[in-house]
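Coordinate inspection notes
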Amino acid sequence: MSLTLYGFPVSPNVRAARIALIEKGVDYQFNEIGFDHLATADYAALNPFRKMPVLQQETFVLYETPAILGYADEAFEGVPLQPIDPKSCAQMRKWLGIAANYLYPVGVMQLFLQRVMFPIMGNEPDEAVIAEAAITTGQQLDVLEQELITPFLVGDALTLADILTGAMVYYINMTREGFALVQARAKTAAWLDRLSQRQSFQQTLADLLIDKAQG
Ligand SMILES: N[C@@H](CCC(=O)N[C@@H](CS)C(=O)NCC(=O)O)C(=O)O
């Protein structure tokens, strides 16, 4: 059985998929692609929406990160990454939605992109965008802080919720504004620290970002 994940290592969605596969102990090939590859016909055949990641297992092709995360957990042996109880499972899915729909567009695509990626790419960050994004991100992190009543987002064990939310908050924390916001929220800071110490997070930190990690 050959399993391939396509993506650019900096993408937090790609990283989350890699983290889930590593946490499951699944052997997979990482096929590193650049953003220019998304425009090709070959890639459109894998994902007509031209987003990354894509997971391919022989003739089975899957895109959309939450679907890939769920498949990684359900199709392979290894420690379960989803709770069984319906309420806990619903909470986990809620956090997958929060990560994709709220944290990613603001904390990653505005704050992290402008503050960390723009300078790497030789672009000038827009301070007004950063300031606005930091306010919204602070409000979102307040919710995370309030809900972190257990060591992980949904109970005492790592779930897909921690993986996707953690991938987003990890990048938020790489910005100086996000770092201050995370450090001001003790439970969020401790949770992120717990995640950052996992091999799966450490092994998937993109080379481009190694000297940007905080803490
Ligand atoms: N809904 C998609 C979103 C994935 C996504 O936005 N991926 C980004 C990288 S983190 C991407 O492919 N960006 C390229 C683009 O928008 O052109 C998923 O869950 O996988």
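Residues numbered from 1 in each chain as written. Predicted model: local features only at pLDDT ≥ 70, side-chain atom pairs only at ≥ 80, totals over all residues.

Within the protein chain one finds nine helices and four strands. Shown N-terminal to C-terminal, the secondary structure of the protein chain runs as helices and strands in the order β-α-β-α-β-β-α-α-α-α-α-α-α. Against the 2.2 N^0.38 benchmark of 17 Å for 215 residues, the protein chain shows a C-alpha radius of gyration of 17 Å, consistent with a compact globule. By the burial criterion, 39% of the 215 residues in the protein chain qualify as buried. In the protein chain, once contacts between residues fewer than 6 apart in sequence are set aside, the share between residues at least 24 apart is 69%. (Helix = DSSP H or I, 4+ residues; strand = E, 2+ residues; numbered from the N terminus. Rg over C-alpha atoms; globule rule 2.2 N^0.38 Å. Buried ≥ 20, exposed ≤ 12 C-beta atoms within 10 Å, placed from the backbone. Contact = placed C-beta atoms within 7 Å.)

For the bond running from M52 to P53, omega is 10 degrees, close enough to zero to count as cis. With respect to the helices, strands and loops of the structure, P53 is situated in the loop between α2 (41-46) and β3 (54-57). For R50, which is not glycine, the phi torsion reads 60 degrees and is therefore positive. Mapped onto the elements of the fold, R50 is located in the loop between α2 and β3.

Attention now moves to the domain arrangement of the protein chain. Domain annotation of the protein chain identifies domain 1 (3-75) and domain 2 (86-204). For domain 1 versus domain 2, the separation of C-alpha centres amounts to 21 Å. Secondary structure elements with two or more residues in the side of domain 1 that touches domain 2: α1 (12-24) and α3 (65-75). For the side of domain 1 that touches domain 2, the leading source of residues is α1, giving eight residues. For the side of domain 1 that touches domain 2, the residue count by class is seven nonpolar, one polar and four charged. (Domains from an automatic or database assignment. Nonpolar A, V, L, I, M, F, W, Y, C, P; charged D, E, K, R; others polar.)

The next thing to look at is the packing of α1 against helix α6 (residues 160-172). Where α1 contacts α6, the two axes come as close as 9 Å, and the packing angle between them is 140 degrees. As summarised for this structure, α1 and α6 are arranged oblique, according to the angle between their axes. Between α1 and α6 the crossing geometry is right-handed. Between α1 and α6, the residues in contact are P12, R15, A16, I19 and A20 and L160, I163, L164, A167, M168 and Y171, respectively. Here the contact of α1 with α6 is composed, by residue class, of ten nonpolar, no polar and one charged. (Axes fitted to C-alpha atoms, helices over the stretch in contact; angles between N-to-C directions. Parallel < 35°, antiparallel > 145°, perpendicular 65-115°, else oblique. Left-handed = near helix turned anticlockwise from the far one by under 90°.)

Where α6 contacts helix α8 (residues 186-196), the two axes come as close as 10 Å, and the packing angle between them is 105 degrees. Between α6 and α8, the interaxial angle falls into the category roughly perpendicular. Side by side, α6 and α8 meet where D162, G166, V169 and Y170 of the first sit next to L192, L195 and S196 of the second. The class makeup of the residues in the contact of α6 with α8 is four nonpolar, two polar and one charged.

This paragraph deals with the nonpolar core. Judged by nonpolar contacts, the single largest core of 57 residues is most densely connected at A17, A20, L69, L160, L164 and M168. In terms of residues, this core owes the most to one element, helix α4 (residues 86-121), which gives twelve residues. The residue makeup of this core includes at least three contributed by each of domain 1 (3-75) and domain 2 (86-204). The residues touching L69, leaving out its near neighbours within four places in the chain, are A16, A17, A20, L160, I163 and L164. (Core = buried A, V, L, I, M, F, W, Y, C linked by C-beta atoms within 7 Å.)

The end-to-end C-alpha distance of helix α5 (residues 127-147) is 30 Å, a good match for the 30 Å that 21 residues give at a rise of 1.5 Å each. Summarising the contacts, the buried residues of α5 are in contact with α4, α6, α7 (176-183) and α8. (Expected span 1.5 Å × (residues − 1).)

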